[in-house]
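Read off the chains here:
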Amino acid sequence: MQRLSDRVAVITGAASGIGLATARRFRDEGAKVVLVDIDETAGTEAAKEVDGLFIAADVTSEADVARVFQTTAETFGRVDIAFNNAGISPPDDDSILTTGLDAWRKVQEVNLTSVYLCCKAVIPYMRKQGKGSIINTASFVAKMGAATSQISYTASKGGVLAMSRELGVQFAREGIRVNALCPGPVNTPLLRELFASDPERAARRLVHIPMGRFAEAEEIAAAVAFLASDDAAFVTAAEFLVDGGISGAYVTPL
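Residues numbered from 1 in each chain as written. Predicted model: local features only at pLDDT ≥ 70, side-chain atom pairs only at ≥ 80, totals over all residues. Heavy atoms only, no water.

Caption draft 1: Here's a closer look at the environment of Phe 76. Inspection of the secondary structure assignment puts Phe 76 in helix H3 (residues 62-76). Looking at Phe 76, the relative accessible area reads 28%, which means it is partly exposed. The spatial distance from the C-alpha of Phe 76 to the C-alpha of Trp 104 is 37 Å, given a sequence separation of 28 residues. Beyond its immediate sequence surroundings of up to four residues, Phe 76 is in contact with Val 8, Lys 32, Val 34 and Leu 53. (Helix = DSSP H or I, 4+ residues; strand = E, 2+ residues; numbered from the N terminus. Buried < 20%, exposed > 50% of the residue type's maximum accessible area, 1.4 Å probe, protein only. Contact = heavy atoms within 4.5 Å.)

Written as C-alpha cells, this is what we have:
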C-alpha cells in the first residue's frame with residue numbers, strides 16, 4: 001500500500017527496534033523518512049537502507065529537537081508525521097525503593113521530556129499546513145501495574161499517555177491528530193537485553209500475554225502506519241493498545 005505517498009515523516013529513536021521497523025514500513029508506504037537518533041553510526045546505516053535523511057540529535061536537548069524539525073521543513077517543505085518514539089529502560093530503574101533520583105530523572109528526560117519537546121517543536125509546522133499526525137510511544141504499562149517495577153519508565157509512559165490525550169483534544173479542530181501508541185512487550189534489543197540479564201524476571205512477563213509471545217517490531221510499525229495514515233482520519237486523543245491482549249487478561253491460556 002502507498003497510504004503515505006509523498007508525506008514527510010520524522011521518527012525519533014529510528015536506528016533500531018520499533019523506530020527502524022517503522023522507518024522501513026513508512027518507506028514502503030511511500031513516505032519520505034527523516035531518521036533521528038543519538039547513535040550516528042547506526043542511524044546513518046538505517047537512513048541508507050530506507051533512502052532517508054539521518055539527523056543526529058539528542059532528543060532531550062531543546063535546541064537539537066528544534067533543529068530536527070527546522071531541517072526537515074527546510075529540506076522537504078513540510079512535516080506531515082511525527083513518530084516520537086525514542087526511549088530508554090535502563091537496569092537502574094527498578095523498584096521505587098531502590099531507584100535513585102539520577103536514574104529517575106534520566107528516564108523522565110528521555111521518555112517524557114523528549115516527547116514534550118518534539119510535540120512543541122512540530123505542532124507549529126503542522127498548524128501552518130492545517131494537517132498532521134503525531135504518534136507518541138507510550139506503553140501498556142501506562143494502563144497497568146506490575147510487581148516487576150520499573151518505576152520511572154512506568155511513570156514516564158503514563159505522562160506520555162496523558163499528554164497525548166490533551167494535545168489530541170487541543171488541536172483536533174486544526175487538523176492535527178495526536179495519539180498514544182501503547183505497545184505490549186516487543187522483541188527488540190531492549191527486551192533481549194532484559195532476557196539476558198534477568199531471565200526469570202523476563203519470563204514472568206511472558207506468562208501474562210494471552211498470545212504467548214512477544215510482539216515483533218514490524219507488528220508495532222504496522223499500527224504506527226495506520227495511525228499516520230488517512231485510514232485513521234477520525235482517530236485522535238486515543239490510547240492505541242497493541243499488546244497481544246495483555247491489558248485485557250485476567251487468566252491466560254495454558
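Caption draft 2: Main features of the packing of aromatic side chains. Within the structure shown, the criterion is met by 1 aromatic pair. Summarising the aromatic geometry, the rings of Phe 226 and Phe 240 are spaced 5.7 Å apart at their centres and angled 35° between planes, so their arrangement reads as tilted. Here Phe 226, found in helix H8 (residues 217-228), pairs with Phe 240, found in strand S7 (residues 239-242); they are 14 residues apart in sequence, far enough to count as distant. (Phe/Tyr/Trp six-rings, centres within 6.5 Å; stacked < 30°, edge-to-face > 60°.)

Caption draft 3: Layout of the pairing of strand S6 (residues 176-183). When you tally the buried positions in S6, you get 8 out of 8 residues, the bulk of the element. Neither face of S6 is exposed, since Ile 176, Val 178, Ala 180 and Cys 182 on one face and Arg 177, Asn 179, Leu 181 and Pro 183 on the opposite face are all buried. In terms of handedness, the path from strand S5 (residues 132-137) via helix H5 (residues 151-170) over to S6 forms a crossover that is right-handed. Bridge analysis of S6 against S7 gives 4 bridges, and the strand direction is parallel. Among the inter-strand pairings, Ala 180 is bridged to a residue of S7, identified as Glu 239. (Right-handed = clockwise from strand over helix to strand, strands pointing away. Pairing = 2+ DSSP bridges.)

Caption draft 4: Inspection of the sheet that holds S7 at higher detail. The sheet built from 7 strands is open, its strands ordered S3-S2-S1-S4-S5-S6-S7 with parallel pairing. Every other strand in the sheet has two partners, leaving strand S3 (53-56) and S7 as the edge strands with one partner each. Pairs of neighbouring strands in the sheet enclose a mean axial angle of 20°, with direction left out of account. Packed on one face of the sheet, helix H2 (residues 40-49) meets strand S2 (32-37) and S3 and runs near 165° to S3. Relative to S6, H8 is tilted by about 165°, and along the sheet it contacts strand S4 (81-84), S5, S6 and S7. (Axes fitted to C-alpha atoms, helices over the stretch in contact; angles between N-to-C directions.)

Caption draft 5: Representation of the packing of H3 against helix H4 (residues 101-129) in the model. In contact at an axis separation of 9 Å, H3 and H4 are set at 30° when each is read in the N-to-C sense. Classified by the interaxial angle, the pair formed by H3 and H4 is roughly parallel. Handedness of the H3/H4 crossing: right-handed. Of the residues in H4, those in contact with Glu 62, Val 65, Phe 69, Gln 70 and Ala 73 of H3 are Leu 117, Cys 118, Lys 120, Ala 121, Val 122 and Tyr 125. Partitioning the contact of H3 with H4 into residue classes produces 8 nonpolar, 1 polar and 2 charged. (Parallel < 35°, antiparallel > 145°, perpendicular 65-115°, else oblique. Left-handed = near helix turned anticlockwise from the far one by under 90°. Nonpolar A, V, L, I, M, F, W, Y, C, P; charged D, E, K, R; others polar.)

Caption draft 6: The pattern of salt bridges, seen in detail. Scanning the model with the defined rule gives 15 salt bridges in all. A salt bridge links Asp 230 to Lys 131; the nearest nitrogen and oxygen atoms lie 3.5 Å apart. One end of the pair, Asp 230, is in the loop between H8 and S7; the other, Lys 131, is in the loop between H4 and S5, with 99 residues separating them in the sequence. On the accessibility criterion, Asp 230 (42% relative accessible area) is partly exposed. Glu 239 is the partner of Arg 165 in a salt bridge, and the nearest nitrogen-oxygen pair spans 2.8 Å. Of the two residues, Arg 165 sits in helix H5 while Glu 239 sits in strand S7, which places them 74 residues apart along the sequence. Three or more residues joined by partner-sharing salt bridges are found here, namely Arg 3, Arg 25, Glu 29 and Asp 231. (Salt bridge = Lys/Arg side-chain N within 4 Å of Asp/Glu carboxyl O.)

Caption draft 7: How the structure looks around the pairing of S4. Neither face of S4 is left uncovered, since the one carrying Ile 81 and Phe 83 and the one carrying Ala 82 and Asn 84 both have all their residues buried. Judged from the 3 bridges that link them, strand S1 (residues 8-12) and S4 form a sheet pairing that is parallel. Residue pairing for S4: Ala 9 is matched across the bridge by Ile 81. Relative to S5, S4 runs parallel, the two being bridged by 4 bridges. Pairing of Ile 81 across the sheet is with Ser 133, part of S5. For the crossover that starts at S4, traverses H4 and ends in the parallel S5, the hand is right-handed.

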